[in-house]
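As a plain string of letters, each chain reads:
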Amino acid sequence: MITGIFYERKISMTITLKKDALVSRYKEVRLFTEQIVQPLEVEDYIIQANADSSPPKWHIAHTTWFFERFILKEFKKDYQELNPQFDYLFNSYYETIGPFHPRHHRGVLARPSVEEVYTYRKYVDENMVQLMENSNESEIDEIKSLLEIGLQHEQQHQELLITDIKYNFSQNPLFPVYAPLKTSNNDQIPILFKEFQGGLLEIGHSGDDFSFDNERPRHKVWLEPFILANRPVTNREFLLFMEDGGYKKPEFWLSDGWAAVKKFGWQSPLYWRKENEEWMQFTLSGEKLLHLDEPVCHVSFYEADAYARWAGKRLPTEAEWEVAAEGLIPQGNFVENQYFHPLSSLEEQKSLFKMFGDVWEWTSSAYSPYPRSKPLEGALGEYNAKFMCNQMVLRGGSCATPSTHIRATYRNFFQPEKRWQFTGIRLAGNV
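So, here is what we can say about the structure in this document. (Residues numbered from 1 in each chain as written. Predicted model: local features only at pLDDT ≥ 70, side-chain atom pairs only at ≥ 80, totals over all residues. Heavy atoms only, no water.)

Our focus in this paragraph is the layout of surface pockets. Estimates place the volume of the largest pocket at around 800 Å³. Around the largest pocket, the lining comprises 33 residues; the ones closest to its centre are Tyr-93, Arg-103, Leu-160, Phe-413 and Phe-414. Elements that contribute at least two residues to the lining of the largest pocket include exactly helix H2 (56–75), helix H5 (137–170) and strand E12 (412–414). A total of 6 residues in the lining of the largest pocket trace back to one element, the largest contributor, which is H5. The class makeup of the residues in the lining of the largest pocket is 12 nonpolar, 14 polar and 7 charged. The wall of the second largest pocket is formed by 29 residues, among which Lys-144, Ser-145, Leu-146, Ile-149 and Phe-210 lie closest to the centre. For the lining of the second largest pocket, the secondary-structure elements that each account for two or more residues are helix H1 (2–37), H2 and H5. At 7 residues, H5 tops the list of elements feeding residues into the lining of the second largest pocket. (1 Å grid on protein atoms, 1.4 Å probe; cavity = no way out; pocket = protein on both sides within 12 Å on 5 of 7 lines; lining within 4 Å. Points joined across faces, edges and corners; volume = space filled by probe spheres on them. Helix = DSSP H or I, 4+ residues; strand = E, 2+ residues; numbered from the N terminus. Nonpolar A, V, L, I, M, F, W, Y, C, P; charged D, E, K, R; others polar.)

It is worth spelling out the packing of helix H4 (residues 114–134) against H5 at this point. The contact between H4 and H5 brings their axes to 10 Å, and the two run at 150°. The orientation of H4 relative to H5 falls into the category roughly antiparallel. Remark: the crossing between H4 and H5 carries left-handed chirality. Where H4 abuts H5, its residues Arg-121, Met-128, Leu-131, Met-132 and Asn-134 lie against Glu-139, Ile-140, Ile-143, Leu-147 and Glu-154. Of the residues assigned to the contact of H4 with H5, the class counts are 6 nonpolar, 1 polar and 3 charged. (Axes fitted to C-alpha atoms, helices over the stretch in contact; angles between N-to-C directions. Parallel < 35°, antiparallel > 145°, perpendicular 65-115°, else oblique. Left-handed = near helix turned anticlockwise from the far one by under 90°. Contact = heavy atoms within 4.5 Å.)

This part covers the pattern of salt bridges. Scanning the entire structure with this criterion turns up 30 salt bridges. Between Glu-74 and Arg-69 there is a salt bridge, with its nearest N and O atoms 3.5 Å apart. Taking the relative accessible area as the measure of exposure, Glu-74 reaches 53% and is therefore exposed. What makes Arg-69 buried here is its relative accessible area of 19%. The partner of Arg-407 in a salt bridge is Glu-215, and the shortest N-O contact between them spans 2.7 Å. In this pair, Arg-407 sits in the loop between strand E11 (392–395) and E12 while Glu-215 sits in the loop between strand E2 (199–203) and strand E3 (219–223), placing the two residues 192 residues apart along the sequence. Both residues of the pair, Arg-407 and Glu-215, belong to the buried class. (Salt bridge = Lys/Arg side-chain N within 4 Å of Asp/Glu carboxyl O. Buried < 20%, exposed > 50% of the residue type's maximum accessible area, 1.4 Å probe, protein only.)

Put into structure tokens, the structure is as follows:
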């Protein structure tokens, strides 16, 4: 009898610890989102400067909606929506759930107010904590997997908040400052290439720790021997491409890339501006003189590919990138460092520098499903799978990525002409 009592107490303590850990992680991630928007004025919350970006107010509400729609409505029997209209306003793209407000019109939503959105966020948070604290063991195990997807989803929006705030501010001729400038030491090294033998290798996620469905399953790939640059391409190096007429020579560009150059009038990376023969760059600390030894940033896939051709190299495939990064600890310049900008300083990781953080690195791989991959069931199956068309894979994270969100198998993806993300270049080549 005594043994049974101790066993029951042990089980109860285990469940309590599990709940406490979930509640703690939930609060930590949600609080960090609010810390990101803390420097903003109320007016900043509503701006949507282009169709790719979203107003900060919408990010705050949408991440809240995600928990409400996929967890509270499914698991909390007595849950009452604060405002049923929010299901339409803050659904992003889940067609199987129902209609949603058009993405490019998010910036016209003066209402609900910022105050109402924060009231909504607090309401959902209180209900989420109650749900976790009052769930039994089987319920908490079922909630846990959905909760982790929701938190990883919120971390993606933390990065989007940074990139969208930057784009929104860049359209203001006053060049607003989001955060004070922080500097780093300059310890640049020459670009060198590390050789990899190739062969029959494996990529993709395995194990019990979290990954998105597009990272699975782990599978075999054949790689020919290849070389990979020890660091990303810098502003100084990209300027040489520009000075050599890189944006005026169609021989370096893919057909669609050259069409984009002409359509959008590209002459430099996004946020660059020449003034009195000097290049300036808009940052989240305002407009600054271009730092030549920082990784080049805010370039499209087309620009990255054209630069690689000009340099006599190519972009790595995502399999090559992952094989090179396997076993490396994801450490670097992430959003928690609060630089909000790529740094010139280098931190070595087995003869490779900056594999994680600073800039997302374009690969030459189209975003497509892995062999035997299976999307999540239900509406969450729309999370990744339906975007596997006309997009390219990026790897490694950026200065806007949360450090606990990235891993070597993480597959980011964007259309090849997009530039508003912190995207850069690492060269590869054949042996």
